[in-house]
Each structure stands twice: as C-alpha cells, then as structure tokens.
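If you want the building blocks of each chain, they are given just below.
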Amino acid sequence: MKILHLDNNHELLINQLTDLGFTNHEDFTSPKEVIEAKIQSYDGIIIRSRFTIDKQFINAAKNLKFIGRVGAGLENIDCEYAIQKGVYLVSAPEGNRNAVGEHTLGMLLSLFNKLNKADAEVRSGKWLREDNRGIELDGKTVGLIGYGNMGKAFAKKLRGFDVEVLCYDIKNNVGDTNAKQVTLSEFQEKVDVVSLHTPQTPLTLNMIDTEFINKFKKFFWFFNTARGKSVVTQDLVLALKSGKILGAGLDVLGYEKASFENLFSTNLPDAFQYLIEAQNVILTPHVAGWTVESKEKLAQTIVDKIKEKFC
C-alpha cells in the first residue's frame, strides 16, 4: 500500500509505517490541484490541516482506503462522503489531550493570578502589588462543555484542587469520577469557569454567542482550547466589556485560516484589536496541543490505528 504524506510530522510516522511494509511518499509543497491529479495512485493519505479534503478530492482518490489526520478533529475532511466511499478515517485526539489539559490549566492559573500582566509591568519598572492581587481556584465550580478526550484530560488536571467540576455534553452518560454530568440549565446556573472542549461541527459553530452567554447566572471566566469558530468573537468582546465574562484564555480564534497555520492577512477587526489590548485576556497561537511530547504521541497514535486496521 502506498501512502502520501501531505504535512511534515514526527519522523517515527514514516519510519514505522515503512517497517510495517507501507510505501511512503512526501509532498509538503504542491498545491491541492497537483495533489489531486496524482492521488489516484495512493491507498492512504496522512494530513494535518493543509487543505480540505472534499468530495471532488475523494472522487479523484479512486484507490483510497484511509485518511489519517494527525490531530484531534476531522473537520477538514468531508467525513460523511468519505465513509460513504468506504474510506477509513483516523484521527488522534489521544495524542494531544494531555497537552491540551495542561495548557488550559496554565491559562486559567495565569489569568487568576495576573501573571502575564504582572510580568510585563515588572519588566517595565512598575511594582504594583495591590493591582496584581489574584484570586484562588479553590472553592470554584469549573464547567466543561464537551467531555471527550480533551475535556476528560482537563478534568483530570483539576483533581489536585478543591473545586467542583461539572460537564455538559450532548452524549449521555459521559461523566465520571472527575466530572459530574449535568443539564445545560444546571451548568449555566452553577459554574464560575467555562472551558470549551468541543469539536467543530454544525452544532458548535457560533455556539458561544450573546444569547448563550447571558443565560449564565454568574459572572464567569471563559477558556477556549477547542475551535475558534465555536465562538462569536464580537459577542465575547461585548461580554468582556460588560463584565459578564471576567476574563478569557483563547488558544484559538475565529479569524484563523482553515489550515490553522496563519492568522488572517487583512486589517485587524475591532473585536480582535480589543482582545490583544485587554489585560484580562490571554492569547496563544493554537498551540494547546502542540508540545514536543504530543508531536510524538500524535504520530504514534496514527501508526497504531493504521497497524490495527490494515496489518
């Protein structure tokens, strides 16, 4: 079987697949139409987020048996059509879930303790102790929207704190000893912290908007290490300005290009300008799951799943 690798990943991916008897080719630079013209020669594709694999591309891949996405989600693939065509889909949320859990916790503690703000001030010669008085996580109720691999990893990190952890998910019976599953109404009544851990689907697109935010009983802190397009940025900014949202940690933004590799290239929207200037907002460039360790674990997960299915 021949595999075409469309993105550069950890070297173990190609090395181990070669050892398993697969023929591996790489093309990290050709435009999509060039790839599409030769894809009929391949049995498998390994991709991150370089471009969208749509119906036209799948139809051109006449011998395609599997697509491996070295990442958590599959939103850049027309999954329904691929499955209809008998293509096996592989992703690797197990590979970077720990990294996402740690990153989310880091953002939360940094915001609560004003670490980024205080660091910048001290470096500029300011020594403002009272202005940088933090708050403690203990005693808070942390709510997780989406309780799959990422949500469970974050909940596990919270076990060392004296907090109540609630989760809301469209699937039933996903709660465990680390998080109690509740209805959305109970979730919105009780939580002090909201952390988003959902995939990008039609149900989650623009899910966090003014109507959703205003249903929360308390003022709350918001964190998104999932997908930027799940949040209406203008509505988030309005909630930050009003104080309904006390602060935000955002690893993802709705302005990201589909490849996740770049931000937009046009003028900065007013909402984003507010975010980059706000002292109660922390921004990172879609790196929550982007650690040295997760790079290896993501690749290993893909190898293991391909091996289990085809060897």
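Here, the structure is the one placed above.
The structure contained in this document is the topic of the report that follows. (Residues numbered from 1 in each chain as written. Predicted model: local features only at pLDDT ≥ 70, side-chain atom pairs only at ≥ 80, totals over all residues. Heavy atoms only, no water.)

## Observations regarding empty space enclosed by the protein
Which parts of space are left empty comes out when a probe the size of a water molecule is rolled across the atoms.
At step 1: All told, the structure shown has one cavity of 30 Å³ or more when counted by the stated rule.
At step 2: Its volume calculated, the largest cavity comes out at about 50 Å³.
At step 3: The wall of the largest cavity is formed by Asn224, Gly228, Val231, Thr233, Leu236, Leu250, Val252, Leu253, Gly254 and Leu275.
At step 4: Taken together, the residues that form the lining of the largest cavity break down as six nonpolar, four polar and no charged. (1 Å grid on protein atoms, 1.4 Å probe; cavity = no way out; pocket = protein on both sides within 12 Å on 5 of 7 lines; lining within 4 Å. Points joined across faces, edges and corners; volume = space filled by probe spheres on them. Nonpolar A, V, L, I, M, F, W, Y, C, P; charged D, E, K, R; others polar.)

## Thoughts on the packing of helix H10 (residues 233-242) against helix H11 (residues 270-277)
At step 1: Running from N to C, H10 and H11 point in directions that differ by 45°, and their axes come no closer than 9 Å. The orientation of H10 with respect to H11, classified from their angle, is oblique. When you trace H10 past H11, the crossing you get is left-handed. Facing Thr233, Gln234, Val237, Leu240 and Lys241 of H10, the residues of H11 in contact are Ala271, Tyr274 and Leu275.
At step 2: Residues belonging to the contact of H10 with H11 are distributed by class as follows: five nonpolar, two polar and one charged. (Axes fitted to C-alpha atoms, helices over the stretch in contact; angles between N-to-C directions. Helix = DSSP H or I, 4+ residues; strand = E, 2+ residues; numbered from the N terminus. Parallel < 35°, antiparallel > 145°, perpendicular 65-115°, else oblique. Left-handed = near helix turned anticlockwise from the far one by under 90°. Contact = heavy atoms within 4.5 Å.)

## Some remarks on helix H5 (residues 93-112)
At step 1: The end-to-end C-alpha distance of H5, which contains 20 residues, comes to 28 Å, matching closely the 28 Å that a straight helix rising 1.5 Å per residue would cover.
At step 2: Among the 20 residues in H5, 14 count as buried, and that is most of the element.
At step 3: Of the residues trailing H5, lysine 114 is marked for its positive phi of about 55°. (Expected span 1.5 Å × (residues − 1). Buried < 20%, exposed > 50% of the residue type's maximum accessible area, 1.4 Å probe, protein only.)

## Notes on the sheet that holds strand S8 (residues 180-181)
Two pairing modes exist for strands in a sheet, parallel and antiparallel, and in both the strands are linked by backbone hydrogen bonds.
At step 1: With respect to topology, seven strands assemble into an open sheet ordered S8-S7-S6-S9-S10-S11-S12, the strand pairing being parallel. Of all strands in the sheet, those bounded by a partner on one side alone are S8 and strand S12 (281-283).
At step 2: Both strand S9 (residues 193-196) and strand S10 (residues 220-224) contribute to a ladder of four bridges, which runs parallel. Looking across to S10, one finds that serine 195 is bridged to phenylalanine 223. (Pairing = 2+ DSSP bridges.)

## What to know about the pairing of strand S2 (residues 23-26)
At step 1: Of the pairings in the sheet, the one linking strand S1 (residues 2-5) to S2 comprises four bridges and is parallel in character. In the sheet register, histidine 5 faces S2, and the bridge partner there is glutamate 26.
At step 2: Crossover S1 to S2 through helix H1 (residues 11-19) is right-handed. (Right-handed = clockwise from strand over helix to strand, strands pointing away.)

## Thoughts on a nonpolar patch on the surface
At step 1: A surface patch of nonpolar side chains, amounting to about 220 Å² of accessible area, comprises Leu268, Ile276 and Leu283.
At step 2: Note that leucine 268 resides in the loop between strand S11 (245-250) and H11. (Patch = residues over 30% accessible without salt bridge, like charges linked within 9 Å, V, L, I, M, F, W, Y side chains within 5 Å. Areas by Shrake-Rupley, 256 points an atom, 1.4 Å probe, with all protein chains shown as cover. Salt bridge = Lys/Arg side-chain N within 4 Å of Asp/Glu carboxyl O.)

## Some words on the nonpolar core
At step 1: Ile208 and Phe222 are the most contacted members of the largest nonpolar core, which totals 30 residues.
At step 2: Of all the secondary structure elements, the ones that give two or more residues to this core are S9, helix H9 (210-214), S10, H10, S11 and H11.
At step 3: Top contributing element to this core by residue count: H10, with four residues.
At step 4: Counting residues in hydrophobic clusters, the runner-up holds 21 residues, among them Leu108, Phe112, Phe154 and Val174. (Core = buried A, V, L, I, M, F, W, Y, C linked by side-chain atoms within 4.5 Å.)

## Brief notes about the packing of aromatic side chains
The relation between two aromatic rings is expressed through the spacing of the ring centres and the mutual angle of the planes.
At step 1: This model, assessed by the stated rule, comprises eight aromatic pairs.
At step 2: Measuring from ring centre to ring centre gives 5.9 Å for tyrosine 88 and phenylalanine 310, while their planes differ by 75°; the resulting arrangement is edge-to-face. Here the residue tyrosine 88 occupies a position in strand S5 (residues 88-90), and phenylalanine 310 occupies one in helix H12 (residues 292-310), the gap between them amounting to 222 residues.
At step 3: Its relative accessible area of 28% is what places tyrosine 88 among the partly exposed residues.
At step 4: Exposure remark for phenylalanine 310: the relative accessible area of 26% places this residue in the partly exposed category.
At step 5: Measuring from centroid to centroid gives 5.7 Å for tyrosine 255 and phenylalanine 272, while their planes differ by 75°, and the two rings are edge-to-face. Residue tyrosine 255 is located in the loop between S11 and H11, and its partner phenylalanine 272 is located in helix H11; the two are separated by 17 residues in the primary sequence. Pair check on accessibility: tyrosine 255 and phenylalanine 272 agree, each one buried.
At step 6: Here the aromatic cluster, defined as three or more aromatic residues joined through ring pairs, consists of Phe187, Phe212, Phe216 and Phe220.
At step 7: For lysine 2, the ring lying beneath its charged end belongs to tyrosine 42, and the centroid distance is 4.8 Å. (Phe/Tyr/Trp six-rings, centres within 6.5 Å; stacked < 30°, edge-to-face > 60°. Lys NZ or Arg CZ within 6 Å of the ring centre and 35° of its normal.)

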